[in-house]
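Take a look at the letters that make up each chain.
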Amino acid sequence: MTPPLHARGLGKRFRREWLLRDCTLTIPEGAVVGLAGPNAAGKSTLLSLAAGLLAPSEGSIEVLGRDPMREPSVLAEVGFVAQGAPLYRSFTVAETIEFARRTNSRWDKELVADMPTRLASRTKVGALSAGERARLALALALGKRPRLVLLDEPFAGLDPLAGREFLQLLMDGVAETAATVVIASHVIADIERVCDHIVLLTGGGVRLAGDVEELLESHRILMGPRRPLGPIRGVSSIVRERHSGRQLTLLVRRDGPIHDPSWTVERVGLEELLLAYMAPERMPESVPRERLPLRWHG
Amino acid sequence: MIEFHLDPRSGVATYLQIVQQVKESLRLGTISVGDQLPTVREVVADLAINPNTVAKAYRDLEREGLVVARQGRGTFVASTLAPAASLLHYEALRVELERWLEAADRAGLDEESVRALISATLRETLARRVA
């Protein structure tokens, strides 16, 4: 089956600066993908390339098996919500939906009518709250029954309740359409509730990618008294090492069970795992750099 | 009807939390054979989680023979996890554990120390069993 999104050696340069470089990734069908990474990591660039708004400087990107620049017809099956959910402020909610119905070749009127958007149809877009505007933009993206939904920082400016309502609408849409979803967010807490797949970008490259459950299963936190570090059975690499007083805390990738009783072994949460991969520069001098898995494509 | 709740800080995968909560309810007898589990869309609407996660949890429960999915109607409890004997065991073990906790208290262990001791002992015991 063709993956909904596939990039090979993808790069985008702006003047002399690479916004995205050597990016190779495949997003599996039906996944809800968290596109994580600090600001300026290349998340928006990747989404803009996928939405056919930018042309690659090198490499290639395929959306539903097609090149979005050469075959823009594929975009009829892609729902894209740009940062800040731009909409016409003077339209009412109903007019906005009608406009979307007329301008999209694929449109499912009943789907949109049944969506739990909780919006009054006569309200002007300019009078909507940030959360309501985000839900309207999402309803428009879902209305075309897309096979792929791309969302760029949809939680920016939303309070926690509005964020939760947005997720409910999105997940209801996923249950209804079985679309693949990519959500770019620099706040991991906003997406960890829903994503089953993670792509972590740092400095314009893929730092970590894979199935969330497999990633959490293959990493552990080890805590124990500070001591010189030798090989630990079951540990394939150390992602992060922290000392505090006489305590040593490691975040490790494992390739087997860790039974060494001198360590307390704990599972790691997604947020902590991604933060550890985002900040390898905190590695102490004493640990050889090659212990770090520098790049891993899932 | 069972209502799921999520603890995002637990470090336990969301689908496993659902599986565990169904099993817990089966063990405690709060749901039993024939009862319907909430539909995927109901859980999604309630918890704002990925429908794939709910489907995965239900598939796991089905594979274990605990629930059965009926096309277009929903997912129903197919067997129970609460034989009377195991509940009796629980009670005896609980009383023993209570006594042990009192002894720990008399020995001056605070809650944190008790937790640390229990989890370390559990870990070592499990490791010995595996070895």
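All values derive from a computational prediction rather than experimental measurement. All residue numbers refer to position in the chain's written sequence, counted from 1. Note on labels: chains are lettered from A, ligands numbered from 1, in written order. For a predicted model such as this one, the threshold for reporting local features is a pLDDT of at least 70, and the threshold for listing and counting side-chain atom pairs is 80 or more; totals across whole chains, interfaces and linings nevertheless cover every residue.

Q: Go over the sheet that holds strand E7 (residues 180-185) of chain A with me, naming the residues and quoting the values.
A: Hydrogen bonds along the backbone pair up the strands of a sheet, which may run parallel or antiparallel. Residue and element names in this part refer to chain A. Pairs of strands are assigned from DSSP output, requiring at least two bridges between the strands. We count a stretch as a helix when DSSP gives it H or I for four or more residues in a row; a strand needs E for two or more, and each element gets its number in order from the N terminus. An order of E5-E6-E7-E3-E8-E9 is seen for the six strands of this open sheet, with the pairing classed as mixed. Edge strands, defined here as strands with exactly one partner in the open sheet, are strand E5 (78-81) and strand E9 (205-211). Taking the axes of each pair of neighbouring strands and ignoring which way they run, one obtains an average angle of 15 degrees across the sheet. Taken together, the five bridges between strand E6 (residues 148-152) and E7 define a ladder with parallel strand orientation. Residue pairing across strands places leucine 148 opposite threonine 180, the latter belonging to E7. Relative to strand E8 (residues 197-202), helix H8 (residues 270-278) is tilted by about 25 degrees, and along the sheet it contacts strand E3 (32-36), E8 and E9. Axis geometry follows a simple rule: fit a line to the C-alpha atoms, using only the stretch in contact for helices, then measure angles between N-to-C directions, giving values from 0 to 180 degrees. By the convention adopted here, residues make contact when the C-beta atoms placed from their backbones lie within 7 Å.

Q: Residues and numbers for the packing of helix H5 (residues 160-177) of chain A against helix H2 (residues 40-47) of chain B, please.
A: In the contact formed by H5 of chain A and H2 of chain B, the axes pass within 8 Å of each other and the chain directions differ by 165 degrees. Overall, the two elements H5 of chain A and H2 of chain B adopt an arrangement that is roughly antiparallel. Classified by chirality, the crossing of H2 of chain B by H5 of chain A is right-handed. Residue-level inspection shows Gln168, Met171, Asp172 and Ala175 of chain A of H5 of chain A in contact with H2 of chain B, the latter providing Val40, Arg41, Val44 and Ala45 of chain B. Partitioned by chemical class, the residues of the contact of H5 of chain A with H2 of chain B number five nonpolar, one polar and two charged. The cut-offs work like this: below 35 degrees is roughly parallel, past 145 is roughly antiparallel, 65 to 115 is roughly perpendicular, and the gaps in between are oblique. When the near helix sits turned anticlockwise from the far one by under a right angle, the crossing is termed left-handed; a clockwise turn instead gives a right-handed crossing. Classification used: nonpolar for Ala, Val, Leu, Ile, Met, Phe, Trp, Tyr, Cys and Pro, charged for Asp, Glu, Lys and Arg, polar for all others including Gly.

Q: Pulling in residues and values, what's your account of the domain arrangement of chain A?
A: Residue and element names in this part refer to chain A. Examined at the domain level, chain A breaks down into domain 1 (5-211) and domain 2 (218-291). For domain 1 and domain 2, the distance between their C-alpha centroids amounts to 35 Å. On the domain 2 side, the residues contacting the nine residues of domain 1 number five residues. Here the side of domain 1 that touches domain 2 is composed, by residue class, of six nonpolar, one polar and two charged. Domain extents, as shown, originate in an automatic or database domain assignment.

Q: Tell me about the domain arrangement of chain B, and name the residues and values.
A: Domain assignment breaks chain B into domain 1 (14-77) and domain 2 (84-130). Summarising the inter-unit geometry, the C-alpha centres of domain 1 of chain B and domain 2 of chain B are found 30 Å apart.

Q: Account for the interface of chain A and chain B, naming residues and giving values.
A: On the side of chain B, 17 residues touch chain A, which itself brings 20 residues to the contact. Taken together, the elements giving at least two residues each to the side of chain A that touches chain B come down to H5 and helix H7 (212-217) of chain A. With seven residues, H5 of chain A is the largest single contributor of residues to the side of chain A that touches chain B. Each residue belonging to the side of chain A that touches chain B can be placed in one class, and the counts come to nine nonpolar, four polar and seven charged.

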